[in-house]
Amino acid sequence: MHKTFFRVTIYSWLLFSLFSCNNDSGYYDLKDFAIKDTSKVIKFKISDTEDNSIVISRSVNSNKWIIEGSKYTANKSSVDLLMETFYRIRVKQDVPKSAFNTVINRLSVRHKKVEIFIENDKAFKTWFIGSPTQDHLGTYMLLQNGNNKSSKPYITYKPGMYGSLDVRFFTDWKGWRSPRVFNYPNPKSIKNISVKFSEKPKESYTISYKDDTIKLFDLDNKELSNYDSIQVKHYLSHFENVSYNKIMFEKQNVMDSIFQNKPHYYFELTDSSSKVTKVEFWKIKDIDSSTGWDAEHGYIRVNKNNELLRAQYFNWEILFKPLSFYTRRYY
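A short tour of the structure in this document, coming up.

About the thresholds
Residues numbered from 1 in each chain as written. Predicted model: local features only at pLDDT ≥ 70, side-chain atom pairs only at ≥ 80, totals over all residues. Heavy atoms only, no water. Pairing = 2+ DSSP bridges. Helix = DSSP H or I, 4+ residues; strand = E, 2+ residues; numbered from the N terminus. Axes fitted to C-alpha atoms, helices over the stretch in contact; angles between N-to-C directions. Salt bridge = Lys/Arg side-chain N within 4 Å of Asp/Glu carboxyl O. Core = buried A, V, L, I, M, F, W, Y, C linked by side-chain atoms within 4.5 Å. Buried < 20%, exposed > 50% of the residue type's maximum accessible area, 1.4 Å probe, protein only. Contact = heavy atoms within 4.5 Å. Arc of directions from axis to C-beta. Polar contact = N/O pair within 3.5 Å; in protein donor to acceptor, adjacent residues only side chain to side chain. Phe/Tyr/Trp six-rings, centres within 6.5 Å; stacked < 30°, edge-to-face > 60°. Lys NZ or Arg CZ within 6 Å of the ring centre and 35° of its normal.

## Thoughts on the sheet that holds strand β16 (residues 265-271)
Reading across from one edge, β13-β12-β11-β16-β17-β18-β19-β15 is the order of the 8 strands in this open sheet, with antiparallel pairing throughout. Looking at which strands have only one partner, the edges of the open sheet turn out to be β13 (213-217) and β15 (246-248). Averaged over all pairs of adjacent strands, the angle between strand axes in this sheet comes to 25°, irrespective of strand direction. In this sheet, strand β19 (residues 308-312) lies alongside strand β18 (residues 293-302) in antiparallel orientation, the contact comprising 4 bridges. From the neighbouring strand, glycine 298 faces β19, where its bridge partner is alanine 311.

## A closer look at unusual backbone geometry
In this model, aspartate 51 sits at a positive phi of 65°, which is unusual for a non-glycine residue. Checked against the element boundaries, aspartate 51 lands in the loop between β1 (41-48) and β2 (53-58). For serine 274, which is not glycine, the phi torsion reads 70° and is therefore positive. With respect to the helices and strands, serine 274 occurs in the loop between β16 and β17 (276-285).

## Topic: the pairing of strand β9 (residues 154-157)
Sheet faces and side chains relate simply in a regular strand, where the side chains alternate between the two faces. Inspection of the sheet shows strand β4 (residues 90-94) paired to β9 by 4 bridges, in the antiparallel sense. Bridging across to β9, glutamine 93 finds its partner in isoleucine 155. Note: strand β7 (residues 139-145) against β9, 3 bridges, orientation antiparallel. Bridge assignment links methionine 141 to a residue of β9, and that residue is tyrosine 154.

## Looking at the pattern of salt bridges
Taken as a whole and judged by the stated rule, the model has 16 salt bridges. Aspartate 121 is paired through a salt bridge with lysine 43; the nearest N and O atoms lie 3.8 Å apart. Linking aspartate 121 in the loop between β5 (112-118) and β6 (123-132) with lysine 43 in strand β1, this pair joins segments that are 78 residues apart in sequence. Three or more residues joined by partner-sharing salt bridges are found here, namely Glu84, Arg88, Lys158 and Arg168.

## Some remarks on the nonpolar core
Core analysis: the largest hydrophobic core is formed by 36 residues, its most contacted members being Phe182, Tyr235, Phe267, Ile300 and Trp316. The leading source of residues in this core is strand β11 (residues 190-197), at 4 residues. If we ignore the near neighbours within four places in the chain, the residues touching phenylalanine 182 are Phe239, Glu240, Asn241, Val242, Phe267, Leu269, Thr277, Val279 and Trp316. If you look at the next biggest cluster of nonpolar residues, it comprises 30 residues, including Val41, Tyr72, Phe86 and Met161.

## Regarding the environment of serine 208
Summarising the element assignment, serine 208 is placed in strand β12 (residues 205-210). The spatial distance from the C-alpha of serine 208 to the C-alpha of leucine 308 is 29 Å, given a sequence separation of 100 residues. What serine 208 contacts, discounting residues up to four positions off in sequence, is Lys191, Asn192, Thr213, Ile214, Lys215 and Phe217.

## Quick notes on the environment of proline 263
Note on placement: proline 263 falls in the loop between α6 (252-259) and β16. Between the C-alpha atoms of proline 263 and phenylalanine 170, which are 93 residues apart in sequence, the distance is 35 Å. Leaving out residues up to four positions away in the same chain, proline 263 has contacts with Ser198, Glu280, Phe281 and Trp282.

## Observations concerning helix α5 (residues 229-236)
Of the residues making up α5, those classed as buried are Val232, Tyr235 and Leu236. Along α5, the residues classed as buried sweep out an arc of 105° about the axis, all on the same side. Where α5 begins, the capping side chain belongs to aspartate 228, and its oxygen is found 3.2 Å from the backbone nitrogen of isoleucine 230.

## A word on the packing of aromatic side chains
Here the structure, examined in full by the defined rule, presents 27 aromatic pairs. Measuring from centroid to centroid gives 5.9 Å for tyrosine 265 and phenylalanine 281, while their planes differ by 70°, and the two rings are edge-to-face. Separated by 16 residues along the polypeptide, tyrosine 265 in strand β16 and phenylalanine 281 in strand β17 bring together distant segments of the chain. When sorted by exposure, tyrosine 265 lands in the same class as phenylalanine 281, which is buried. Relative to phenylalanine 320, the ring of tyrosine 265 lies with its centre 3.8 Å away and its plane at 5°, an arrangement referred to as stacked. Taken as a pair, tyrosine 265 in strand β16 and phenylalanine 320 in the loop between α7 (313-316) and α8 (324-327) lie far apart in primary sequence, 55 residues in all. Here tyrosine 265 matches phenylalanine 320 in class, with each residue buried. Between the NZ or CZ atom of lysine 43 and the centre of the ring of phenylalanine 117, over which it lies, the distance is 4.6 Å. Sitting above the plane of the phenylalanine 259 ring, arginine 301 keeps its charged end 4.0 Å from the centroid.

What follows is the structure in structure tokens.
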């Protein structure tokens, strides 16, 4: 019985070793999964046994995280969640002997591989994440440090969390992509913003902000002198966290029919680094609504991309202030 158990265990471990790289010979009991200083993490790669993978890296000149191989910024809340997991993960207990073979076999067949990079292009630590325990209070995981892979998996958990850790690690770029369209916590980083209203063109305007001096221009680019400068400056603070909430995977002819229409609102923002963001916003027709328009959502397109996004109206409505909002008290 003991010989059979030993043979199966060795077989399982050899099978598990096949899916990873460069394992040194020898016995390693590794269980220090945590990253003690996550500020040093410059990149992490998530892959699975179905040939899906994604790499999230910190941009060189800023603290922003990007999806490698794309033009998209990574969702900050998702990155923060993983950084917290990297830091707070703990070993709960050894894998029971009665479950050891099963856990190894399952890990060899199906797992998520998380490579964590610090300061260079060689993975500092690699996690192999398996399934949750039956009570969902732990997750089967195995650790690799550099080229040395642990000879045994452990049951891990994050204090204060109920459920499996593996759900936090996914490879779908749509889930990783940041939904933010405008993200300017500091209004001074906005150089100018043009707002156009197709239904009421005369309510369109441009705000210029430079060296703490704010200027307001009408549709004809004429500088105005009588307006509420406090409200104009306050308007720029609304561009801190403006997002879409869904990517609409519509047929091309459906998107074309929307894009051919004149947008109800149009924004063109230039920031202090000369980055330009152009956004078209269409209201969505709703025959059941008293106004004839969907009160919850609108469609947007960013920088003329061939992509239709859905936005929550309440998140954008504050940007629809007309020119008269700033000038009415003076006329």
